[in-house]
Structures are given as structure tokens and as C-alpha cells.
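# Architecture at a glance
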Amino acid sequence: MHLRKAKLMFFWVRYPSSAVLKMYFPDIKFNKNNTAQLVKWFSNFREFYYIQMEKYARQAISEGMKTPDDLHVAGDSELYRVLNLHYNRNNHIEVPPNFRYVVEQTLREFFRAIQGGKDNEQSWKKSIYKVISRLDDPVPEYFKSPNFLEQLE
DNA sequence: TTGGGTCCTG
DNA sequence: CAGGACCCAA
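Below: a short report on this structure. Given the structure is predicted, the values throughout are model-derived calculations rather than measurements.

### Some words on the packing of helix α3 (residues 32-62) against helix α4 (residues 78-87)
To describe two helices that pack against each other, one gives the angle between their axes and the distance between the axes. Axis separation between α3 and α4 bottoms out at 11 Å; the angle between their running directions is 170°. Judged by the inter-axis angle, α3 sits roughly antiparallel to α4. On α4, the residues touching Phe-45, Phe-48, Tyr-49, Gln-52, Met-53 and Tyr-56 of α3 are Leu-79, Val-82, Leu-83, His-86 and Tyr-87. Its residues assigned to classes, the contact of α3 with α4 comprises nine nonpolar, two polar and no charged.

### Quick notes on the protein's contact with DNA strand C
Lining the immediate surroundings of DNA strand C are Leu-3, Lys-7, Gln-37, Lys-40, Trp-41, Asn-44 and Phe-45. Sugar plus phosphate: this is where 50% of the atoms of DNA strand C within 4 Å of the protein reside. One of the side-chain N or O atoms of Gln-37 is found 2.9 Å from a phosphate oxygen in DNA strand C. The contact in question runs from a base nitrogen of DNA strand C to an N or O atom on the side chain of Asn-44, over 3.2 Å. Elements that contribute at least two residues to the surface near DNA strand C include exactly α1 (3-9) and α3. Element by element, the count of residues in the surface near DNA strand C is highest for α3, at five residues. Residues of the surface near DNA strand C, tallied by class, amount to three nonpolar, two polar and two charged.

Conventions we followed
- Residues numbered from 1 in each chain as written.
- Chains lettered and ligands numbered in written order.
- Predicted model: local features only at pLDDT ≥ 70, side-chain atom pairs only at ≥ 80, totals over all residues.
- Heavy atoms only, no water.
- Axes fitted to C-alpha atoms, helices over the stretch in contact; angles between N-to-C directions.
- Helix = DSSP H or I, 4+ residues; strand = E, 2+ residues; numbered from the N terminus.
- Parallel < 35°, antiparallel > 145°, perpendicular 65-115°, else oblique.
- Contact = heavy atoms within 4.5 Å.
- Nonpolar A, V, L, I, M, F, W, Y, C, P; charged D, E, K, R; others polar.
- Near = heavy atom within 4 Å.
- Polar contact = N/O pair within 3.5 Å; in protein donor to acceptor, adjacent residues only side chain to side chain.

This is the structure in C-alpha cells:
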């Protein structure tokens, strides 16, 4: 399986269905195991992502930010450095504009929840996950190219 | 029963 | 990231 490619796809989709994933890996002969592994990868990707988002949101609050509208993520921010290092290690591709939007929305969702003290409730993150799951974008066609990874180098 | 998903580990 | 426990919907 192509871990690097899967990570890059995360910039477009956070909750891809197994059916969609399979379409973007035409060179893989899928079976129960590797499909489960691929799905598991995205679950792990999300975990890392949400941990960063929560951390950043709490930091903003601790620094005195009062409204989620003030929450903007600069392209040169520490948050981006971390995310890029994780999903786009060697800067293979340019981070799509929509991902920046998704990150901003995610931060604001966490901000509102934490600021409102919702983080003390049972499964307060679930509602946030639901919102973010609706922000997936279509993955570029070129990801289906057989020599996708080679073209990156 | 399965196939996702999350949470928590290692 | 992989494993495994556990939950939920189909």
C-alpha cells in the first residue's frame, strides 16, 4: 500500500469511504485485510489531526483569544509546519486551499466547544467530527495515475 | 454479523 | 502506525 500517497489524499478527504479509496489505488488488489488497513490509516490520520487542532485551539484560548473569528491560520504558522511534516513530509505537493479552510473550521469548532465548556461532556468531540466529515472535497484525478508517486519526485 | 469509527496502547 | 477493546449502524 502507498502510505505516502494516502497521507497526501488526506489534504482533500478526512472521511473517504473504502469504495472511494479503492478507486484511487487502481494498482492495488484489495482484500479484507489491506482495505481495513487503508481505512485504519485514515483513522490514524484523523487522530493526529484532531489532536493538533484541539491543542492549537486550547492554546489560542489560553492566550486570551475571545472569539473563534479571530482564529486564522497563517501559511507559515507552527500548526502548518506540523501538519505538513506529518502528511506532506517532503513537500511533494502544494497544500490545497480547501484544506486550509477545513483546518480553520476545525479550529473554530474546537474553540467554541472548549470556550463553552462543552469539553466536560461525555462525547463532546462527536459533534465536531460530524461537522468536519461534511467538508471532504473530491480528490484530484491525477491521484489515480499509475505513476503518481514517481511524478512527485 | 460486518464494516466502519474512536480510544488507548505500545 | 498497528493492535485490540468496544460501540454503532446496516
